[in-house]
Amino acid sequence: AEVVNLSRNIVITGDDLRHVDCEPNIGSTQGCRCTEHRKKCTVGLHTAQMHAGTMSIRNVRLEKCGQRGIDGKYCLHFHRLSDCPDCEFSGNAIEHGHQRGIIVHGTHS
């Protein structure tokens, strides 16, 4: 069995996760899109640094985050920052995350 220390001095907590009904005529980034297998989505806290600027999140615990069924809504997300040597996710713990925990998309140092 693995043992993981999830304790951190800084905790970012989303509201209780909600389950929302899907909508059949929307795009996947506009909200909860219906599919053959999905009738509801799970909605929680999400963070994103997009297109410019920097973000550094270190040694933080995130709880109740991510949005299952909605594209682009992740616990920790760098989105198309291109060259970003000061951007950093390090030593973080994610608990009760939905969809994906950490996404780095189009960003490099």
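For the structure itself, look to the data block above.
Reading the values: the criteria
- Residues numbered from 1 in each chain as written.
- Predicted model: local features only at pLDDT ≥ 70, side-chain atom pairs only at ≥ 80, totals over all residues.
- Heavy atoms only, no water.
- Helix = DSSP H or I, 4+ residues; strand = E, 2+ residues; numbered from the N terminus.
- Buried < 20%, exposed > 50% of the residue type's maximum accessible area, 1.4 Å probe, protein only.
- Contact = heavy atoms within 4.5 Å.
- Areas by Shrake-Rupley, 256 points an atom, 1.4 Å probe, with all protein chains shown as cover.
- Lys, Arg positive; Asp, Glu negative; His and termini not counted.
- Charge placed at Lys NZ, Arg CZ, Asp CG, Glu CD.
- Pairing = 2+ DSSP bridges.
- Axes fitted to C-alpha atoms, helices over the stretch in contact; angles between N-to-C directions.
- Core = buried A, V, L, I, M, F, W, Y, C linked by side-chain atoms within 4.5 Å.
- Disulfide = S-S within 2.5 Å.

**Quick look at the overall build of the chain**
Argument step 1. Summing up its helical and strand segments, the chain has zero helices and eleven strands in all.
Argument step 2. Counting from the amino terminus, helix and strand elements in the chain follow one another as β-β-β-β-β-β-β-β-β-β-β.
Argument step 3. Seen through its C-alpha atoms, the chain measures out along the principal axes to roughly 40 × 35 × 25 Å.
Argument step 4. Per-residue burial over the chain gives 35% buried out of 109 residues.
Argument step 5. The contacts in the chain between residues at least 6 apart in sequence include a share of 69% that link residues at least 24 apart.
Argument step 6. Total accessible area computed for the chain in this model is approximately 7000 Å², and 45% of it derives from carbon and sulfur atoms.
Argument step 7. With 13 positive and 12 negative side-chain charges, the chain shows a separation of 4 Å between the mean positions of the two kinds.

**Examining the sheet that holds strand 1 (residues 10-13)**
Argument step 1. The strand order 1-6-10 describes an open sheet built from three strands, whose pairing is parallel. Looking at the sheet topology across the chains shown, the edges are occupied by strand 1 and strand 10 (93-97). The average angle at which neighbouring strand axes cross in this sheet is 10°, direction not considered.
Argument step 2. As paired elements, strand 6 (residues 60-65) and strand 10 share four bridges and run parallel to each other. Counted as the bridge partner of R61 is A93 from strand 10.

**Comments concerning the sheet that holds strand 3 (residues 40-43)**
Argument step 1. Taken in spatial order, the three strands of this open sheet run 2-3-7, and their pairing is antiparallel. Both edges of this open sheet fall to strand 2 (18-21) and strand 7 (67-68), since each of them pairs with a single strand only.
Argument step 2. Note: strand 3 against strand 7, two bridges, orientation antiparallel. Bridged to V43 within strand 7 is Q67.

**Some words on the nonpolar core**
Argument step 1. In this structure, M55, I57, V60, L62, C65, C75, L76, F78, L81, C84, C87 and F89 together form the largest nonpolar core, which totals twelve residues.
Argument step 2. If you list the elements that add at least two residues to this core, you get strand 6 and strand 8 (76-83).
Argument step 3. Apart from residues no more than four positions distant in its own chain, C87 is found in contact with G53, T54, M55, F78 and L81.
Argument step 4. Counting five residues, the second-largest nonpolar core is a separate cluster that includes C22, C32, C41 and V43.

**Section: the state of the cysteines**
Argument step 1. Per the counting criterion, the structure on display carries four disulfides.
Argument step 2. Here C22 connects covalently by a disulfide to C34, the sulfurs 1.9 Å from one another. Looking down the S-S bond of the C22 and C34 bridge, the torsion is 85°, so its handedness is right-handed. On the criterion of sequence distance, the pair formed by C22 in the loop between strand 2 and strand 3 and C34 in the loop between strand 2 and strand 3 is long-range, its members being twelve residues apart.
Argument step 3. Note on C22: relative accessible area 15%, which makes it buried.
Argument step 4. Going through the chain in sequence order and numbering each bonded cysteine, the pairs you get are 1-3, 2-4, 5-6, 7-8.

Interpretation in functional terms is not warranted from these geometric data alone.
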